Amino acid sequence: MKQFAASPVYKFFLFPIGQIIMFALGSSVGLSLITVLLAYVFKFNVTNFDLVERSLLILPQVVINGLTIGFVYSTIALGYTMVYGVLEFINFAHSEIFMVGGIVGVQLIAYFEHLGILATLNQYLVIALAIILAIIISGSLAVTVERVAYKPLRGAPKLVPLISAIGMSFFLQDAVRLILSLTTGEFNVILPQFGTFDEFLLVALPGMADPLRIQIKSVIIVGIAVLMLVVLNFLVNGTKVGKAIRAVAQDRPSASLMGINVSQIISITFLVGGALGGAAGVLFALKATKLDPFVGFFPGLKAFTSAVLGGIGNLTGALLGGLVLGLLESFAASYLSIFTNGAFGAEYKDIFAFAILIVVLIFRPSGLLGETVGQKA
Amino acid sequence: MNKRLLALLSVLVIASMALAACGTTAATEEAAGAVTIKIATQSPLSGGQSLLGVAIKQGAELALEQLGGDLTGMGYDVQLAPYDDQATPDVGVANAKNIVADTDILCGVGHLNSGVMIPSSEEYHTAGLAFVSPANTNPVVTTRGYLEVNRVVGRDDVQAPAAEEYAFTTLGAKSVYIIHDKTAYGQGVAEFFKAAAEEDGMEVLGFEGTEETANFDAIVTPLIASNPDVVFFAGIYNQAGVFFKQARDAGYEGTFLGTDGMDSSDLADIAGDALTSGGGMAYTTVAGPVSAYPKAAKFVEDYTAKFGAAPEAYAAQGYDSMGVCLAAIMAAAEAAGGKPTRAQVAEAVRAVSYDGLTSTITFDEIGDLPTAKYFIIKVNATSKDTWSTNEIIDSFDLPSPGKGE
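Residues numbered from 1 in each chain as written. Chains lettered and ligands numbered in written order. Predicted model: local features only at pLDDT ≥ 70, side-chain atom pairs only at ≥ 80, totals over all residues.

**Some words on the overall build of chain A**
Secondary structure summary: chain A contains 13 helices and four strands in total. A globule of 377 residues ought to have a C-alpha radius of gyration of about 21 Å, and chain A, at 21 Å, matches this closely. Dimensions of chain A, computed from the C-alpha atoms along their principal axes, are close to 70 × 55 × 45 Å. When each of the 377 residues of chain A is scored for burial, the buried share is 47%. In chain A, the proportion of contacts linking residues at least 24 apart, taken out of those at least 6 apart, comes to 75%. (Helix = DSSP H or I, 4+ residues; strand = E, 2+ residues; numbered from the N terminus. Rg over C-alpha atoms; globule rule 2.2 N^0.38 Å. Buried ≥ 20, exposed ≤ 12 C-beta atoms within 10 Å, placed from the backbone. Contact = placed C-beta atoms within 7 Å.)

Okay, here's the thing in structure tokens:
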């Protein structure tokens, strides 16, 4: 057994996937139970339909929505948390790296459509190409941003690169806006319709009249996100570069004395974080179908929150935080209006989700997994 | 370090030279030209709603070019001063402060969004600067009773009940789910629709406000579970298009309804065949397609020749608003025997009787058209190019409800 636990298949494949499934299942089931409980509590409040029945009817769909957006948040959150682990500052430009990834991916797909080959290409190949391009562009953009805006400030007090990051974020937003609107003045980027992504998988559930409708998009988003998380886990925990990243995160001067090229490792950290952000951008575009240069702000903020919720600097924490926040938001948005009989609508979802975040941070100031796992990066 | 300093210095020198150059050209123009009169436009020229905002500006630009001749003949140099309000109240108010500070500006055309017009017009009111709105439909725009605020279109407290009437009588809808964008325009329209629906006994299954622009899952799921006959979206096309597409993708089969904020060919590009599948999509508007105005045929020709694209909604209204401004300035200038004051222009705008493209424009005591035209339009388009295939189901002239209580 011990031997099996040490084998690479377990360590780099079975364990992280098991962990992801456990987190996803755990938070979904937990929130679902709370919701059903609340449905019984609020039952007296709603007279025109059976609240419990209605709640159960939409529950599976709400969970799927929450998990889909939750995995996107997790993938972005990893970029924040990796940089924090290594440099101990929040890279606020990360939401723009994410946006650039999405826009580049959509532009590539739009270009295929322009060439007239979109319908003939394999749809999964198209998505794969879009993600690869987004990874390349976003990864190199993140490295460039680090070189230009953060590296010259490495010795400065911690607030200085933070301000620089916020400036970079605005700069990138408007630079992208400028580039997109050069020819037409229009900077909405619309994902062309292609393939079978909008169709549904129908899953019959025992005890329910209607089958559960899962959009193929959602499956693809979750699948790709899980794949990337597993690859990242391997990169950080199973390779020499990962070891160096962890070493720099734990103690930069000592790592430097051990012969690790710290600057290079920091660049690699930005490259990996940026690549994940870019890929998440394409996944988000698949879901949202319309992007503009300012679309990164809210997912970026949410992902940053996820990273804090999970324990900033902690990779597993970012994953858990993203899932929990995505689910919380989805539950709040779908149920607030039903439970309060229309008094609070979906627009209060963020207040609700962030109130819970505050409560969690009061009791666990270092985040959900902040203390139990010492390892950073 | 020295090198950097040198680079910085040279950049500064170049910048100051560029600024100086701008200064000289401006100065020479003023010296050479006659008495300058400027007319401002304020609409979103950038951002998601720019298609409509640019249409307003271009309509006004064309009007100035074609109708400004009389004022030029009187020895005035008439200029257009376009401002970009980015569909954002803050930006609109900041621009408004700039506009009222420029004493050459005697009249203005704008805005697209009621939520921007209402706070900005407080500035115009304080400064006594007349504005003619080509697109704002929220009642509050005029019911404050400001002399300076006028509009050449109808009102939401007429068009939202018209949409409800269409849903209830023509479509036979028994239930509705209402979504708005939390702006003055969207929420206002939604409230009017809701009141009318409740009066008719239509069941309102949900009433949600959202600023979301990308991922509508959380709203769509409860919506589908309650299965309304129609979904009424009170907002602007760039947000509505994404919502329509996602709701249709998620399996909603009923009819989408909207108001004049949907009137843009971009809607069809964003939402695609979500507009025609299932129960389809229809909207009411205060600005019908230009083909609905018999006098606008030449305008369409000139506009297309000048700007290389067919006029979007509100282009003709932008043209008429500018026409009203020019006619009022003319009248005021003749009465004053020289360059008129803002107060004189504002009085002249209110008293105007102008034969425009969309109707003969006169204003009642609060700046509304005494009777405005409303349209119900069914969307047949699934892409930008086919937007003109949309069909006018009905159009009617309705009187303005006036100031109310």
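More follows now that the structure is in view.
**Details of unusual backbone geometry**
Residues other than glycine predominantly adopt negative phi, and peptide bonds predominantly adopt the trans conformation. Gly 110 of chain B connects to His 111 of chain B through a cis peptide bond whose omega is 5 degrees. Inspection of the secondary structure assignment puts His 111 of chain B in the loop between β3 (105-110) and α5 (114-127). Of note, Thr 289 of chain A is a non-glycine position whose phi angle comes to about 65 degrees, a positive value. By the secondary structure assignment, Thr 289 of chain A is in the loop between α10 (262-288) and β4 (290-291). For Thr 289 of chain A, a count of 25 C-beta atoms within 10 Å translates into the label buried. The backbone of Tyr 314 of chain B sits at a positive phi, close to 80 degrees, despite the residue not being glycine. Note on placement: Tyr 314 of chain B falls in the loop between α12 (297-307) and α13 (315-336).

**Re α10 of chain A**
Its 27 residues place the ends of α10 of chain A 38 Å apart at the C-alpha level, agreeing with the 39 Å of an ideal helix rising 1.5 Å per residue. Just downstream of α10 of chain A lies Thr 289 of chain A, where phi reads positive at about 65 degrees. (Expected span 1.5 Å × (residues − 1).)

**Focus on the packing of helix α5 (residues 123-150) of chain A against α10 of chain A**
Residue and element names in this part refer to chain A. Contact pair α5 / α10: the axes reach a minimum separation of 7 Å and the direction vectors enclose 140 degrees. Between α5 and α10, the interaxial angle falls into the category oblique. Note on packing geometry: the crossing formed by α5 with α10 is right-handed. Every residue of α10 that contacts α5 at Ala 130, Ile 131, Ala 134, Ile 135, Ile 137, Ser 138, Gly 139, Leu 141, Ala 142, Val 143 and Glu 146 is listed here: Ile 266, Ser 267, Phe 270, Leu 271, Gly 273, Gly 274, Ala 275, Gly 277, Gly 278, Ala 279, Gly 281 and Val 282. (Axes fitted to C-alpha atoms, helices over the stretch in contact; angles between N-to-C directions. Parallel < 35°, antiparallel > 145°, perpendicular 65-115°, else oblique. Left-handed = near helix turned anticlockwise from the far one by under 90°.)

**Observations regarding the sheet that holds strand β5 (residues 149-151) of chain B**
Residue and element names in this part refer to chain B. Pairing is parallel across the open sheet formed by five strands, whose spatial order is β2-β1-β3-β4-β5. At either end of the open sheet lies a strand with only one pairing partner, and these are β2 (76-84) and β5. Adjacent strand axes in the sheet meet at a mean angle of 20 degrees, parallel and antiparallel pairs treated alike. Alignment of strand β1 (residues 35-43) against β3, held across five bridges, turns out to be parallel. Within β3, the position partnered with Ile 39 by the bridge is Cys 107. Helix-sheet contacts for α13 involve β1, β3 and β4 (130-133), and the interaxial angle to β3 is about 160 degrees. (Pairing = 2+ DSSP bridges.)

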